[in-house]
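Structure assessment
One letter stands for each residue in the lines below.
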Amino acid sequence: LAHLEGRPPSRDLLGLAQSLAAQHRFFHWPLEFPEVFAQGGFDVVLSNPPWDQIQFDDREFFRHLRPDIAEAPNMAKRVQMVARLAAEDPELYARYSAARQSVEALQSFVHASGRFPLTSFGRLNLAPLFAESVRRLVRSSGRAGLIVPTGIATDAFNQYFFADLNEKGQLVSLYDFENRKGLFPSVDSRYKF
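Residues numbered from 1 in each chain as written. Predicted model: local features only at pLDDT ≥ 70, side-chain atom pairs only at ≥ 80, totals over all residues. Heavy atoms only, no water.

1. Notes on the overall build of the protein
- When helices and strands are counted, the protein shows ten helices and two strands.
- Its C-alpha atoms give the protein a radius of gyration of 21 Å, clearly above 16 Å, the size a compact globule of 193 residues would have.
- For the protein, the spread of C-alpha atoms along the principal axes amounts to about 60 × 60 × 25 Å.
- Out of the 193 residues in the protein, the part that is buried amounts to 26%.
- Long-range pairs, those at least 24 residues apart, make up 53% of the contacts in the protein with a sequence separation of at least 6.
- Summing over all exposed atoms, the protein offers an accessible surface of approximately 13700 Å²; the carbon and sulfur share of this is 56%. (Helix = DSSP H or I, 4+ residues; strand = E, 2+ residues; numbered from the N terminus. Rg over C-alpha atoms; globule rule 2.2 N^0.38 Å. Buried < 20%, exposed > 50% of the residue type's maximum accessible area, 1.4 Å probe, protein only. Contact = heavy atoms within 4.5 Å. Areas by Shrake-Rupley, 256 points an atom, 1.4 Å probe, with all protein chains shown as cover.)

Structural data, given as C-alpha cells:
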C-alpha cells in the first residue's frame, strides 16, 4: 500500500518480495521486455508449454523419499502414515507440508487472481493457462503457435477459452496429432496433442 501511495516499501517488505520472487521464480513479461510491450506486444510467440496438472499428489512427493508411503495400499493408510511423520521425521513432514501448501497457494492464486478468467476451471492444467497468457503477450496483428494437448479444444474445462478464440476470430488453424510413431518419447502414443 505504501508503494501505491508513492512511498517506498519497507526494507522488510522489499526483502520478502525479493525472497519470494527468487523462490518462486516470478516472471513478469512487461518488466522483462518493456520495449516489446511499449509497441503492443510480440509479433510471434511459439511455445510448447508444460502440460502438467496443478495438483499435489502424495504418491509423487514420497515416491523417492519414502516409497513405503507412496505405495500404501490405499489413501486412508497413506494419510495415517503421513500424519505419523510429524513425530517420526519432522524435517520431512515440514518439507511435505511446505510442498503441499505451495501447490494449494498456486491453485488459489490461479482461481482468484482474475488473470485466467477462461481457463481456471476445474482441475487446473498449465497448458491452457499458458495459452490464455499468450493471448496477452501477442500484439493485435501478431500470431501464436502452441503445442498443447487436444483438450484445449475438447475438454469441458477449456470450453470458454476455445469459444472465445473462435468468437474473436483468433483461431487460424488447429492440427491434431497422435504420437503413434513415438517421435516424442515422453508422450504416450495414444495421447492427442
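2. Some points on a nonpolar patch on the surface
- Taken together, the side chains of Leu13, Leu16, Leu20 and Phe26 make up a nonpolar region of the molecular surface, amounting to roughly 390 Å² of accessible area.
- If you trace the backbone, leucine 20 turns up in helix 1 (residues 11–24). (Patch = residues over 30% accessible without salt bridge, like charges linked within 9 Å, V, L, I, M, F, W, Y side chains within 5 Å. Salt bridge = Lys/Arg side-chain N within 4 Å of Asp/Glu carboxyl O.)

3. Regarding the environment of alanine 72
- In this structure, alanine 72 sits in the loop between helix 5 (67–70) and helix 6 (75–88).
- A residue is classified by how much of its surface remains accessible, and alanine 72, at 10% relative accessible area, is buried.
- Along the primary structure alanine 72 and serine 140 are separated by 68 residues, whereas in three dimensions their C-alpha atoms are 52 Å apart.
- The contacts of alanine 72, once residues within four sequence positions are left out, are Lys77, Arg78 and Met81.

4. Digging into the environment of aspartate 176
- In this structure, aspartate 176 sits in the segment after helix 10 (159–167).
- Judged by its relative accessible area of 39%, aspartate 176 falls in the partly exposed class.
- Aspartate 176 sits 130 residues away from leucine 46 along the chain, and the two C-alpha atoms are 17 Å apart.
- Those residues in contact with aspartate 176 that lie beyond four places of it in its chain are Thr150, Lys192 and Phe193.
- Within the local environment of aspartate 176, its side chain forms a polar contact with the side chain of threonine 150, the two groups lying 2.4 Å apart. (Polar contact = N/O pair within 3.5 Å; in protein donor to acceptor, adjacent residues only side chain to side chain.)

5. Examining the side chain of threonine 119
- By the element assignment, threonine 119 lies in the loop between helix 7 (90–112) and helix 8 (126–137).
- Dropping the residues within four chain positions of it, threonine 119 is found in contact with Leu124, Pro128, Leu129, Glu132, Asn158 and Phe161.

6. Considerations on the nonpolar core
- Counting 17 residues, the largest nonpolar core has Phe61, Phe62, Ile69 and Tyr96 as the members making the most contacts within it.
- Counting residues per element, the ones that place at least two in this core are helix 4 (58–62), helix 5, helix 6 and helix 7.
- At four residues, helix 7 tops the list of elements feeding residues into this core.
- Ignoring sequence-local partners within four residues, the contact set of phenylalanine 61 consists of Phe56, Leu92, Arg95, Tyr96 and Ala99.
- Listed in part, the eight residues of the second largest apolar core include Ala131, Ile152, Phe162 and Leu165. (Core = buried A, V, L, I, M, F, W, Y, C linked by side-chain atoms within 4.5 Å.)

7. Regarding the packing of helix 8 against helix 10
- Closest axis-to-axis distance for the helix 8/helix 10 pair is 10 Å, and the angle between their directions is 30 degrees. Looking at the two axes, helix 8 sits roughly parallel to helix 10. When you trace helix 8 past helix 10, the crossing you get is left-handed. Here Ala131, Glu132 and Arg135 of helix 8 lie close against helix 10, whose contacting residues are Phe161, Asp164 and Leu165.
- Residue composition of the contact of helix 8 with helix 10, by class: three nonpolar, no polar and three charged. (Axes fitted to C-alpha atoms, helices over the stretch in contact; angles between N-to-C directions. Parallel < 35°, antiparallel > 145°, perpendicular 65-115°, else oblique. Left-handed = near helix turned anticlockwise from the far one by under 90°. Nonpolar A, V, L, I, M, F, W, Y, C, P; charged D, E, K, R; others polar.)

8. Digging into the packing of helix 6 against helix 7
- Relative to each other, helix 6 and helix 7 sit at 130 degrees, their axes nearing to 6 Å. One finds that helix 6 runs oblique with respect to helix 7. As helix 6 runs across helix 7, the sense of the crossing is left-handed. Contact residues: helix 6 offers Val82, Leu85, Ala86, Ala87 and Glu88, while helix 7 offers Pro90, Leu92, Tyr93 and Tyr96.

By themselves these figures say nothing about function.
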